[in-house]
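Understanding the architecture of this molecule
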Amino acid sequence: GALVFLSVKEARGNFSVGGRALRSSALTMLPSDMSSEGINSAPVESLVVAVKQSVLVDHARRVCGREIPESSLQKCIVIDNPDAFAAFEDCAHSILDALGACPILLEDEGFRATVMNRVLCLLVGLLETHMAKAQRLSPPTTRSYVVNKALQLIESRLADPLDVMDLCRALRVCPRTLRYSFEEV
């Protein structure tokens, strides 16, 4: 499938993709099947870049030395970092300016390869930054809560013998929940 990167500079009125409202001055990545759900907006100034998902993932691995899980590319992502938005816009506008000044550059294989590398590296960097931020801010799970509480209890009672059933009673969980929590975390 393809990925669509959409930068919305100024939306006058409501702007949405697939029923999801988007803000101005944000960069949005969405799978092409979501973009076919329809873009609804009042007049909007935007910039669109489409890239095959496999090309982006392969480029990230081969050229950038980074792994982007394909599962993370299956949903709409809004990158509302102003620096990311500016970097995307600057990259696209500098390429368009170069082509506007000398359209014959498009026939140059070296120029096309350089442009492709530049755009793909930028997109990989933006996605990696977004994914790292999402991982840092992931909501706590019940299992991580159980493990944290169990560790606190164990550390507070280092001198006292403590078995699994004591831990389960103190945490009010069954042994299986305790085991699964430690396995997951």
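The following refers to the structure shown. Only a predicted model underlies this, so the values are computations on that prediction, with no experimental measurement involved.

This paragraph deals with the pattern of salt bridges. In total, this model carries 8 salt bridges according to the counting rule given. A salt bridge links glutamate 67 to arginine 61; its shortest N-O distance comes to 3.2 Å. Glutamate 67 sits in the exposed class, given a relative accessible area of 55%. With relative accessibility at 41%, the residue arginine 61 sits in the partly exposed group. Two residues, arginine 112 and glutamate 109, come together in a salt bridge whose shortest N-O distance is 2.4 Å. Here arginine 112 pairs with glutamate 109, and both are found in helix H4 (residues 109-136), just 3 residues apart, close to one helical turn. Overall, arginine 112 belongs to the partly exposed group, its relative accessible area being 35%. According to the relative accessible area criterion, glutamate 109 is exposed, its value standing at 52%.

Rules of the game
- Residues numbered from 1 in each chain as written.
- Predicted model: local features only at pLDDT ≥ 70, side-chain atom pairs only at ≥ 80, totals over all residues.
- Heavy atoms only, no water.
- Salt bridge = Lys/Arg side-chain N within 4 Å of Asp/Glu carboxyl O.
- Buried < 20%, exposed > 50% of the residue type's maximum accessible area, 1.4 Å probe, protein only.
- Helix = DSSP H or I, 4+ residues; strand = E, 2+ residues; numbered from the N terminus.

Coordinates in, geometry out; function isn't part of it.
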